[in-house]
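Close look at the chain arrangement
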Amino acid sequence: QVQLVESGGGLVQAGGSLRLSCAASGSIFRINTMGWYRQAPGKQRESVADITSGGSTNYVDSVKGRFTISRDNAKNTVYLQMNSLKPEDTAVYYCAVEVVGGVSGVYWGQGTQVTVSS
């Protein structure tokens, strides 16, 4: 099995920054794509950013230029640096990791709340 532990959420004023982390542990042979999703109240979960094992990245248009996704393969950890935060970024943020290992598949973190006040 694989466990994901997220950290870094919190309350911040508009224009501020936060850095989310998601560390994977357990039966892992290799990690392919790692990503961040978010779900705001009353809305569907959406993909925010993802990064492949080769380092290629994708972002939803609303965060381009403000958020940066990165990964540390040695630590099986993915990060999301969020700058110039806006109230509309308020949501629960989840990491998702595609694992090849004992039980291969996509694993999800427990979610971390990000609240941006105006």
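Let me sum up the structure you'll find in this document. (Residues numbered from 1 in each chain as written. Predicted model: local features only at pLDDT ≥ 70, side-chain atom pairs only at ≥ 80, totals over all residues. Heavy atoms only, no water.)

**Section: the overall build of the protein**
From N to C terminus, the protein includes zero helices and eleven strands. The N-to-C order of helical and strand elements in the protein reads β-β-β-β-β-β-β-β-β-β-β. For 118 residues, the compact-globule formula gives about 13 Å, and the C-alpha radius of gyration of the protein, at 14 Å, lands near that figure. Seen through its C-alpha atoms, the protein measures out along the principal axes to roughly 45 × 25 × 25 Å. The 118 residues of the protein split such that 38% are buried. Taking the intrachain contacts of the protein between residues at least 6 apart in sequence as the baseline, contacts between residues at least 24 apart amount to 53%. Approximately 6,000 Å² of the protein is accessible, and the part contributed by carbon and sulfur atoms is 48%. (Helix = DSSP H or I, 4+ residues; strand = E, 2+ residues; numbered from the N terminus. Rg over C-alpha atoms; globule rule 2.2 N^0.38 Å. Buried < 20%, exposed > 50% of the residue type's maximum accessible area, 1.4 Å probe, protein only. Contact = heavy atoms within 4.5 Å. Areas by Shrake-Rupley, 256 points an atom, 1.4 Å probe, with all protein chains shown as cover.)

**Comments concerning the nonpolar core**
With 29 residues, the main nonpolar core has W36, L80, M82 and Y93 as its most contacted residues. Secondary-structure elements contributing two or more residues to this core are strand 1 (2-7), strand 3 (18-26), strand 4 (28-39), strand 5 (46-51), strand 7 (67-72), strand 8 (77-82), strand 9 (91-101) and strand 11 (112-117). Take this core: its biggest share by element is five residues, from strand 9. When residues no more than four places from it in sequence are discounted, the contact partners of L80 are L18, R19, L20, W36, V48, A49, F67, T68, I69 and Y93. (Core = buried A, V, L, I, M, F, W, Y, C linked by side-chain atoms within 4.5 Å.)

**Some points on the environment of L80**
Its location among the elements puts L80 in strand 8. Counting along the chain gives 64 residues from L80 to G16, while the straight-line C-alpha distance between them is 14 Å.

**Things to note about the packing of aromatic side chains**
With the rule as written, the count across this model stands at one aromatic pair. The ring centre of Y79 lies 4.1 Å from the NZ or CZ of R19, which sits over that ring. When the ring centre of W108 is taken as reference, the NZ or CZ atom of R45 above it lies at 4.9 Å. (Phe/Tyr/Trp six-rings, centres within 6.5 Å; stacked < 30°, edge-to-face > 60°. Lys NZ or Arg CZ within 6 Å of the ring centre and 35° of its normal.)

Shape descriptors only; they carry no functional weight alone.
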